[in-house]
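Listed below are the residues making up each chain.
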Amino acid sequence: MSWAELFERAAGAEVSEEDIAKALAERRAGGEGEA
Amino acid sequence: MSEKLARIVADADVLAADLLVDGDAREAVDLARAHDWVTLVASEHLLDDAEAVIRELADGSLAEDWRTAIEGLVEPVEHPAGDHPAIASAYHGDAVHVLSLDEGLLTAGAGAAIRSRVETSVKRPAAFVRLFDPASMYEVVVGGAYPGPDRDPRT
């Protein structure tokens, strides 16, 4: 799958950098989870 | 040393923002997608984190397909499980740039502490894009006149 297709599929996610920061911080605070 | 200047770690937040947000993160990672002499370094732990965030905020199918694509782009490195994935990837992968959105890594104090152990600096993607001019970096890292991007960053 090309990057263009991935970006197209991801375009509707309506995710912010703050959402990502929070999700990553929670994951790392909890240790390594299942990917 | 010069080759190290084109070795980059994008932390899991930047990789997830590249896919899900666009903007500065995508512009930064595009530098690696568009130039085969720019190396994106990442450990399995770092990619696991990004994949988990993508799965949580988007969906599992997109996360799996992203993992396949990113594994085709990065140079893999290994480090112990307890280490910070981005800093350890830079250390083991000889990367002088770490791109992050984590305020905890971007403070002056954190930067000084990291540089005392690892020859790398942590930057926001926007700062990296301003700093990393492909034409001037090409002369330093590869030598000669910059021929322009050598890969389509969307394939």
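Asks: Which residues make up the packing of helix 1 (residues 3-10) of chain A against helix 1 (residues 12-20) of chain B, and what values go with them?
Replies: Interhelical geometry of helix 1 of chain A versus helix 1 of chain B gives an angle of 85° and a closest axis separation of 8 Å. The orientation of helix 1 of chain A with respect to helix 1 of chain B, classified from their angle, is roughly perpendicular. Residues Trp3, Leu6, Phe7 and Ala10 of chain A of helix 1 of chain A lie in contact with helix 1 of chain B, whose contacting residues are Asp18, Leu19 and Leu20 of chain B. Of the residues belonging to the contact of helix 1 of chain A with helix 1 of chain B, the class tally is six nonpolar, no polar and one charged.

Asks: Lay out the packing of helix 2 (residues 17-29) of chain A against helix 1 of chain B with the relevant residues and their values.
Replies: With their axes 10 Å apart at the nearest point, helix 2 of chain A and helix 1 of chain B run at an angle of 140° to one another. Judged by the angle between their axes, helix 2 of chain A and helix 1 of chain B are oblique. For helix 2 of chain A against helix 1 of chain B, the interelement crossing comes out right-handed. Facing Glu17, Ile20, Leu24 and Arg28 of chain A of helix 2 of chain A, the residues of helix 1 of chain B in contact are Ala12, Asp13, Ala16 and Ala17 of chain B.

Asks: Describe unusual backbone geometry, with residues and values.
Replies: All names here are of chain B. Even without being glycine, Asp22 reaches a positive phi, approximately 80°. Relative to the elements of secondary structure, Asp22 occurs in the loop between helix 1 and helix 2 (24-34). A positive phi is found at Asp94, a non-glycine position, where the angle reads about 60°. Mapped onto the secondary structure, Asp94 falls in the loop between helix 5 (85-93) and strand 4 (97-99).

The rules behind the values
- Residues numbered from 1 in each chain as written.
- Chains lettered and ligands numbered in written order.
- Predicted model: local features only at pLDDT ≥ 70, side-chain atom pairs only at ≥ 80, totals over all residues.
- Heavy atoms only, no water.
- Axes fitted to C-alpha atoms, helices over the stretch in contact; angles between N-to-C directions.
- Helix = DSSP H or I, 4+ residues; strand = E, 2+ residues; numbered from the N terminus.
- Parallel < 35°, antiparallel > 145°, perpendicular 65-115°, else oblique.
- Contact = heavy atoms within 4.5 Å.
- Nonpolar A, V, L, I, M, F, W, Y, C, P; charged D, E, K, R; others polar.
- Left-handed = near helix turned anticlockwise from the far one by under 90°.

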